[in-house]
Amino acid sequence: MKSRMILSVAVAAAMLLPVGLVTIASAQDRDRDQLKTDQQLQDRDKLQTKDQLKEKDQLKEQERTREQTREQTRTERPEKPQHEKAERAEHGSAGAGGRH
């Protein structure tokens, strides 16, 4: 009697064993898929961050280029001294007053 009970428990365990293994395997697959998805999302975020950094660097470089161009223009065409600007302003206002 005991041997039949042991045998039926062994048969039941043997029948349930594949179900348990399938459950474990599917859980592992699900976890692996979730990790892949998470990794892909992180990679995408990294790429976006890299793109944003590239854009910032490009904007900074453009600003540097503009500033260098301004500096070159200033050295090629120095600004008029202050007294010349004042003289022109005086002539301009005197000329406008004499036209009335």
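Calculation criteria
Residues numbered from 1 in each chain as written. Predicted model: local features only at pLDDT ≥ 70, side-chain atom pairs only at ≥ 80, totals over all residues. Heavy atoms only, no water. Helix = DSSP H or I, 4+ residues; strand = E, 2+ residues; numbered from the N terminus. Buried < 20%, exposed > 50% of the residue type's maximum accessible area, 1.4 Å probe, protein only. Areas by Shrake-Rupley, 256 points an atom, 1.4 Å probe, with all protein chains shown as cover. Patch = residues over 30% accessible without salt bridge, like charges linked within 9 Å, V, L, I, M, F, W, Y side chains within 5 Å. Salt bridge = Lys/Arg side-chain N within 4 Å of Asp/Glu carboxyl O.

Observations concerning the overall build of the protein
Line of reasoning, step 1. Along its length, the protein carries two helices and zero strands.
Line of reasoning, step 2. With 100 residues in all, the protein has 0% of them scored as buried.
Line of reasoning, step 3. Carbon and sulfur atoms make up 57% of the accessible area of the protein, which totals about 9,700 Å².

A word on a nonpolar patch on the surface
Line of reasoning, step 1. Residues Leu7, Val11 and Met15 make up a contiguous nonpolar surface patch of roughly 310 Å² in combined accessible area.
Line of reasoning, step 2. Take valine 11: it is sitting in helix α1 (residues 2-76).

Looking at the pattern of salt bridges
Line of reasoning, step 1. Using the criterion set out here, one finds five salt bridges in the structure.
Line of reasoning, step 2. With its nearest N and O atoms 3.3 Å apart, the salt bridge here joins arginine 66 to glutamate 63. On the criterion of helical spacing, the pair formed by arginine 66 and glutamate 63 is a turn pair, its members being three residues apart in helix α1.
Line of reasoning, step 3. Judged by relative accessible area, glutamate 63 falls into the partly exposed class, the value being 36%.
Line of reasoning, step 4. What emerges from the salt-bridge pattern is a single network uniting Glu63, Arg66, Glu67 and Arg70.

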